[in-house]
Amino acid sequence: AAAEAPLRWEPRCRQQLRHLQDGAGIAARLPPRLEGHWVSTGCEVRPGPEFLTRSYLFYSNRLFKAHQFYYWDPSCREPSYSLVIKGKVRLRQASWITRGATEADYHLHKVGIVFHSRRAAREVAAWVNGTSATGCGGFLPAGRSWAPGALYEVLSAKTERDCTAALGFAMHELSLVRVEQREQALPQPGGRLVEELYLGDIHTERAERLHYRPTGYQRPLQNAVHHVHPCPACGIIYRADEHHPPILPARAELPMQLSGSWVSTHCEVRPAVLFLTRYFIFHGSNHTWEGYYYHYSDPLCKQPTFTIYASGHYTQGIPSSKVRGGTELAFKVTQARVTPMDQVTVMMLNSSEPGSCGLTNSWHAGMEQDITPTNGCLALGIKLPHTEYELFKTEQDTKDRSLLFIGERPTDGSSPDRPEKRPTSYQAPLIQCAGASEEFSKYISLKYLGKQDASGNEALKPLPVAFLLFIALQFLRWD
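In this report, we go over the structure that sits alongside the text. It should be emphasised that the depicted structure is a prediction, and the values quoted were computed from it without experimental measurement.

### What about the pairing of strand β25 (residues 430-434)?
Across the five residues of β25, four count as buried, placing the element largely inside the fold. As paired elements, strand β13 (residues 260-264) and β25 share four bridges and run antiparallel to each other. Bridge pairing in β25 places Ser-261 opposite Ala-434. Where strand β24 (residues 402-406) lies against β25, two bridges are found, and the strand directions are antiparallel. Within β25, the position partnered with Leu-404 by the bridge is Leu-430.

Here it is, written out as structure tokens:
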């Protein structure tokens, strides 16, 4: 790689990316220990959109009792209905698809529903009564009044009743599990332990949910004993049950302030399977943006595979009519550069069709190349110029830091390149690491802090051949 230019990056952004690349002090237990009580740390958004909070209790004998609380609103203050789910889960082997995850089998014994409004009872009854599932037609007999607080059975293993499909409900999230431990940085020496439970992702297409086997994760639950402090939502969700759903504290809705720099808070996982960290700079004055996507082969983002730099412009945002609290934007990608970081990616790019990804047979590890002249890179699924229809929202966390949520990518690996494919849920949040006044537009590549080889050069770790085949087969999209 070329000699490193003087770093003009804002130190906080660079520091956060280095921190993530150093593993961010994370330890992952294999096999994971599920036992305990795990809760949402805030209002969650699933594709649809669906707004919910979760409270899952796993016992030492493999039994579990899970609560899912659904809401009408994105602040989780107006409960719609609650599900109480009982069953058994058995951990199996380490996943060969999603590195760092453990596969599991689960069996549902019972699912019950409690309605918190007449409107919710009416809507769900219409869904269930409209299905052809055996024994579900009279789930809520027409004309019979809804009973507040009554528990209606949606699934019973004993009676073989199963009306869950009408709700679009499945617990396939339990088939992929990862537990991470880290220390929460505190002002005084010695941090506080934080334990997070990552469960399988929910398919962005509702019709696919019932069949989809996860390869990524949703927003993690935190251990009710070992969670990030402060967490106003944690205690409320921990104490809730199906008859007393959590009502989260009111929060001020913030205007969308995109200008500045934003960076990942974790090593992120995408379905099908990508590990990456992201870094964005938005220039509000002229509506241009720059994005850096650092891709890795491992769940701690320590083994780099390739880096993508992209830039373009974006439209003025308008409030989303579909996802309350969200803002709709369109992003145009006009330029991109790629830096392969290991020999497997170099081989893949050098064997790509001539003229489809940069200069033919000219790729070298650590050397950046502009792929704009070839209208992108077919091997990495990048097309230029390219427009994406996006969903954004900004929030403040409990420490008054600004968070940016960008729309979740389609699970099938395609791109939201039409308005009807615009996301209805979000990826993991980015945290603001510099304000608009601190922006630097000069692009500096984040060099990999790896082990050195005998000659003192940084050694790039090769990836297994299986992963190369996987990339080739999946026709990966960057995000």
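Let's pick the thread back up.
### A few points about helix α1 (residues 11-21)
Among the residues of α1, those classed as buried are Cys-13, Gln-16, Leu-17, Arg-18, Leu-20 and Gln-21. Each element contacted by the buried residues of α1 is listed here: β13, β15 (274-283), β16 (288-296) and β25.

### Side note on the pairing of strand β7 (residues 102-115)
As paired elements, strand β6 (residues 79-94) and β7 share twelve bridges and run antiparallel to each other. Each bridged residue has a counterpart across the sheet, and for Tyr-81 the counterpart in β7 is Phe-115. Pairing between β7 and strand β10 (residues 176-184): two bridges, direction antiparallel. Its bridge partner lying in β10, Thr-102 is registered against Val-177.

### Some details on the state of the cysteines
Per the counting criterion, the structure on display carries five disulfides. Disulfide partner of Cys-231: Cys-234, at an S-S distance of 2.0 Å. Its S-S torsion of approximately 80 degrees makes the covalent link between Cys-231 and Cys-234 right-handed. Taken individually, Cys-231 and Cys-234 each receive the classification buried, so the pair is uniform in this respect.

### Section: the nonpolar core
If you look at the biggest cluster of nonpolar residues, it comprises 39 residues, and the most contacted ones within it are Phe-275 and Tyr-279. At the level of elements, α1, β5 (63-71), α3 (232-239), β15, β16, β24 and β25 are the ones that each hand at least two residues to this core. Viewed by domain, this core spans two of them, domain 1 (26-239) and domain 2 (260-434), each represented by three or more residues. Grouped together as the second largest cluster of nonpolar side chains are 37 residues, Trp-38, Tyr-81, Val-111 and Val-128 included.

### Description of the packing of aromatic side chains
For any pair of aromatic rings, the description consists of the separation of the ring centres together with the inter-plane angle of the planes. Overall, the coordinates contain 16 aromatic pairs when judged by the stated rule. Judged by centre distance (5.4 Å) and plane angle (20 degrees), the ring pair of Tyr-314 and Phe-331 falls under stacked. With Tyr-314 in strand β17 (residues 304-314) and Phe-331 in strand β19 (residues 327-340), the pair connects residues that are 17 residues apart, well separated along the chain. With respect to burial, Tyr-314 and Phe-331 carry one shared label: buried. Ring plane angle 15 degrees and centroid distance 5.2 Å describe the contact between Phe-331 and Phe-392, whose orientation is recorded as stacked. With Phe-331 in strand β19 and Phe-392 in strand β23 (residues 386-396), this residue pair connects regions lying 61 residues apart in the sequence.

What counts and how
- Residues numbered from 1 in each chain as written.
- Predicted model: local features only at pLDDT ≥ 70, side-chain atom pairs only at ≥ 80, totals over all residues.
- Heavy atoms only, no water.
- Buried < 20%, exposed > 50% of the residue type's maximum accessible area, 1.4 Å probe, protein only.
- Helix = DSSP H or I, 4+ residues; strand = E, 2+ residues; numbered from the N terminus.
- Pairing = 2+ DSSP bridges.
- Contact = heavy atoms within 4.5 Å.
- Disulfide = S-S within 2.5 Å.
- Core = buried A, V, L, I, M, F, W, Y, C linked by side-chain atoms within 4.5 Å.
- Domains from an automatic or database assignment.
- Phe/Tyr/Trp six-rings, centres within 6.5 Å; stacked < 30°, edge-to-face > 60°.

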